[in-house]
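Secondary and tertiary structure notes
Here's the letter readout for the chains.
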Amino acid sequence: MPEKAKGFLITAEWLKEHLKDPDLRIIDVRPTLEQIESGYPWGHIPGAVHLDTRELFTTVDGIPGKLVPQATGEAILGRLGLSRDDRVAVYDDSGGPLAAQIAWLLDYWGQREVYLLDGGWQAWLEAGGEVSTDEPRISPKEYHARPDESKIATIDWIEAHLGHPGVILVDTRTPQEYERGHLPGAIHLNWEDNVAAGDVPRFLDATTLRHRFAEAGITPDKEVVVYCESGARSAHTYWALRLAGFEKTRNYEGSWAEWSRRHGVAESQPVTTQTEDTPVGPCGLPLTSTAAETTAEPVAAPQGRLTRDQILAQARAQVPELDVYEVKRRLDAGEPLTLVDIRERDEWVQGHIPGARFVPRGFLELRIEEIQPDRDAPIVVYCAGGVRSLLGARDLKAMGYTNVYSMAGGFTQWKNSGLPFVVPRVLNEEQRTRYSRHILIPEIGEEGQLRLLESKALLIGAGGLGSPAALYLAAAGVGTIGIVDFDEVDLSNLQRQILHGHSDIGRPKVESAIDTLKEINPDVQVIPHRVRLDSSNALDILQEYDIVLNGSDNFPTRYLVNDACVLLGKPLVDASIFIFEGQVTLYDTTQGGPCYRCLYPDPPPPGEVPSCAEAGVLGVLPGIIGSLQAIEAIKYILQIGEPLVGRLLMFDALDMTFRTLRIRRDEECPVCGEHPTVTELIDYEQFCGLPSRQPAAAGNGR
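Residues numbered from 1 in each chain as written. Predicted model: local features only at pLDDT ≥ 70, side-chain atom pairs only at ≥ 80, totals over all residues. Heavy atoms only, no water.

Some thoughts on the overall build of the chain
The number of helices and strands found in the chain is 27 helices and 27 strands. If you take every contact in the chain between residues at least 6 apart in sequence, the share linking residues at least 24 apart comes to 71%. Entry remark: accessible area of the chain is about 29,700 Å², with carbon and sulfur atoms responsible for 51%. (Helix = DSSP H or I, 4+ residues; strand = E, 2+ residues; numbered from the N terminus. Contact = heavy atoms within 4.5 Å. Areas by Shrake-Rupley, 256 points an atom, 1.4 Å probe, with all protein chains shown as cover.)

Structure representation (structure tokens):
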């Protein structure tokens, strides 16, 4: 039987199993019914009652997110057929701040048990849950709240505890909001970082959350107070802290809007004064513009609930629309439009306008500042048919964006008009989980991870340097990894060559490597090249890969690989180690950088430089240098950061120091110079003064 994930957090499978429990009540706090009629998908979990969050959290004197009087709230919950002795499950569209805020209120008012549906409505649909359109049968009850004051922070409580060593203030808003002003001493912890990447947003696991909170300086022995603009995003973080085992947690009712008003904090974006009747979104943002922002005559709102047509008429009075041809014309003219696709992920993956940024409607207000912080920049919002985009653009105007358009007809009209669109390659659900920590990094994201999966890297040697490099490239999701090595695993290798184990002794290294890398990441294709790398086969092998990592320990192979990479125009991550020292660089002559021969024009006399077998090597040293090789390869594939082209990074394990030396391209270099004399591969054993071919030119590694 499916069980709850932990305490308050339940899965869709658990809810399906317990749906008919007599004491379980379900609350749907997705957008209001009039908004659902304006384009949100109809349907709900069987038996769920709908609650408009604005009934319990209202705007008082321009401050959003204030709790209604307790008697009013009790009447509302009782009208929905709830009593404090019920078990209550709350859900919104994606397990976000709306549900978290109502769940927090129930927890504060002493509800017997409160559950949050992890992933919300999206998780329910994904799990194949039943969808109902029937009106639930409600039997009104008496609701008697018993507030637990240890779960709420008021402005007076915060003022009394400001600077107290046992209290930590946590701002859960966006970085931009935090920078414009925050409570004294508050640390920043964006609420969205508590959510795991995936098609359906879900809480991170408890262990990951604990580590994240610990890194931010939050410890269980302190009392934690979370706040945002109106109490919704902070409520989401409240539950994340509870999931991680932080019991002494309070949510600030009134939040930043109240604090900034009382203390006269000046922000770059002033707080908009609202009346109590102004609709408020999930994060305290007004759902309609003020009169000063309205460019057309506002449509008078009727008393009571609005119809779909009245809401859309209001939105059209505030938001200008562009047809698909005008958007195409402006894009072709090079206008700096920020194109925002606010459809759901399953719509996005079926095709989107080239260059569009994907932000699901439920996250638009929360993420728009990351995409376009300039509030005067031109923004075009589109959805499938032009309804959701009107409402989304309206909310952006309420946030102070002055140049926002909705694309009439949406993507459906764009596609039917024969205008160009792209169908993105996307990660599957397992991949989104596996690479979730990469996806969270702005410089990588899903697009970068796909680039890694499509890339091909070749390792010369599966020894000391090749082992850590191969492990991390495979873990990172480099899609194809080739390994050149003719050697077999020897007992003396195991002190540093971590690709292999004791049971692999006597096996070809390429076979041992395949088994290890496949165990780490089955996404990766490992191609073995159990050959002696020489002038007859090097070009054929190297030309199939995007980047080469050299971990060989003999000079003929080093010169061979360098020359082959120059002739093929391939980047080469080169490294070497000696006892306690190591060095790494990236040779890329296509970018004007030097090659190995620019640094070492001639090989040393045979026997002058001892090998690892002769001089020894600290076992952990190749782990450090090989990992640096993997980093350089990943940076090159993703085209991020500053590569080590023209720089030689040197490491001394005894001093624990890194040094960087500048190296320049030699214009007289016989391979990459202005007038190269080496235009094909040569006999490298003879070039290095060796009497005969080495028994395993690409073997051993270091």
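With respect to helix α19 (residues 445-454)
The element α19 is extensively covered by neighbouring structure, given that 7 of its 10 residues are classed as buried. For α19, the elements touching its buried residues are α13 (345-348), α17 (429-434), α18 (436-439), α20 (466-476) and α26 (621-638). (Buried < 20%, exposed > 50% of the residue type's maximum accessible area, 1.4 Å probe, protein only.)

Some remarks on the environment of D23
With respect to the helices, strands and loops of the structure, D23 is situated in the loop between α1 (12-18) and β2 (24-28). Spatially, the C-alpha atoms of D23 and D85 are 8.2 Å apart, while their sequence positions differ by 62 residues. Every residue in contact with D23, bar those within four places of it in the chain, is listed here: D86, R87 and R112.

What to know about the pairing of strand β16 (residues 338-341)
Each regular strand shows side chains that alternate between the opposite faces of the sheet. The side-chain alternation of β16 yields two buried faces, one formed by T338 and V340 and the other by L339 and D341. In this sheet, strand β18 (residues 379-382) lies alongside β16 in parallel orientation, the contact comprising 4 bridges. Bridge pairing links L339 to V380 in β18. (Pairing = 2+ DSSP bridges.)

Topic: the confidence of the model for the chain
When pLDDT is averaged along the chain, the result is 86, and 89% of the positions lie at 70 or above. Ranking the helices and strands of the chain by mean pLDDT puts strand β23 (residues 547-550) first, with 98, and helix α2 (residues 33-37) last, with 48. Contacts of residues 36-40 to residues separated by more than four positions or lying in other chains number 13 contacts, the stretch itself having pLDDT below 50. Counting interchain partners and residues more than four positions distant, the pLDDT-below-50 stretch residues 267-304 has 75 contacts. (pLDDT = per-residue confidence, 0-100.)

Examining the sheet that holds strand β25 (residues 581-587)
Spatially, β22-β21-β20-β23-β24-β25-β26-β27 is the arrangement adopted by the 8 strands of the open sheet, whose pairing is mixed. One side of each edge strand has no neighbouring strand; the edge strands of this open sheet are β22 (525-529) and β27 (657-662). Within the sheet, the average angular offset between the axes of one strand and its neighbour, ignoring direction, is 15 degrees. Sheet contacts for α20: β20 (456-460), β21 (480-484) and β23; angle to β20, the most-contacted strand, approximately 165 degrees. Those strands touched by α26 are β23, β24 (572-578), β25, β26 (647-652) and β27, and its axis lies near 170 degrees from that of β24. (Axes fitted to C-alpha atoms, helices over the stretch in contact; angles between N-to-C directions.)

Things to note about the nonpolar core
Formed by 50 residues in total, the largest nonpolar core has its most connected members in L56, W104, L106, L116, F213, I218 and W239. Among the elements that line this core, the one with the most residues is helix α4 (residues 97-108), at 9 residues. When residues no more than four places from it in sequence are discounted, the contact partners of W239 are F8, A100, A103, W104, D107, L116 and F203. Counting 42 residues, the second largest nonpolar core, distinct from the first, contains I444, A462, A476 and I625. (Core = buried A, V, L, I, M, F, W, Y, C linked by side-chain atoms within 4.5 Å.)

Structural notes on the sheet that holds strand β8 (residues 152-153)
Read from one edge of the open sheet, 5 strands run β8-β14-β13-β9-β10, paired in parallel fashion. The two strands at the open ends of the sheet, each matched to only one other strand, are β8 and β10 (187-188). Where strand β9 (residues 167-171) and strand β13 (residues 223-227) come together, 5 bridges link them in parallel fashion. Residue pairing across strands places V170 opposite V226, the latter belonging to β13.

Concerning a nonpolar patch on the surface
Taken together, the side chains of F580, L618, V620 and L654 define a hydrophobic patch exposed on the protein surface, amounting to about 350 Å² of accessible area. With respect to the helices and strands, L654 occurs in the loop between β26 and β27. (Patch = residues over 30% accessible without salt bridge, like charges linked within 9 Å, V, L, I, M, F, W, Y side chains within 5 Å. Salt bridge = Lys/Arg side-chain N within 4 Å of Asp/Glu carboxyl O.)

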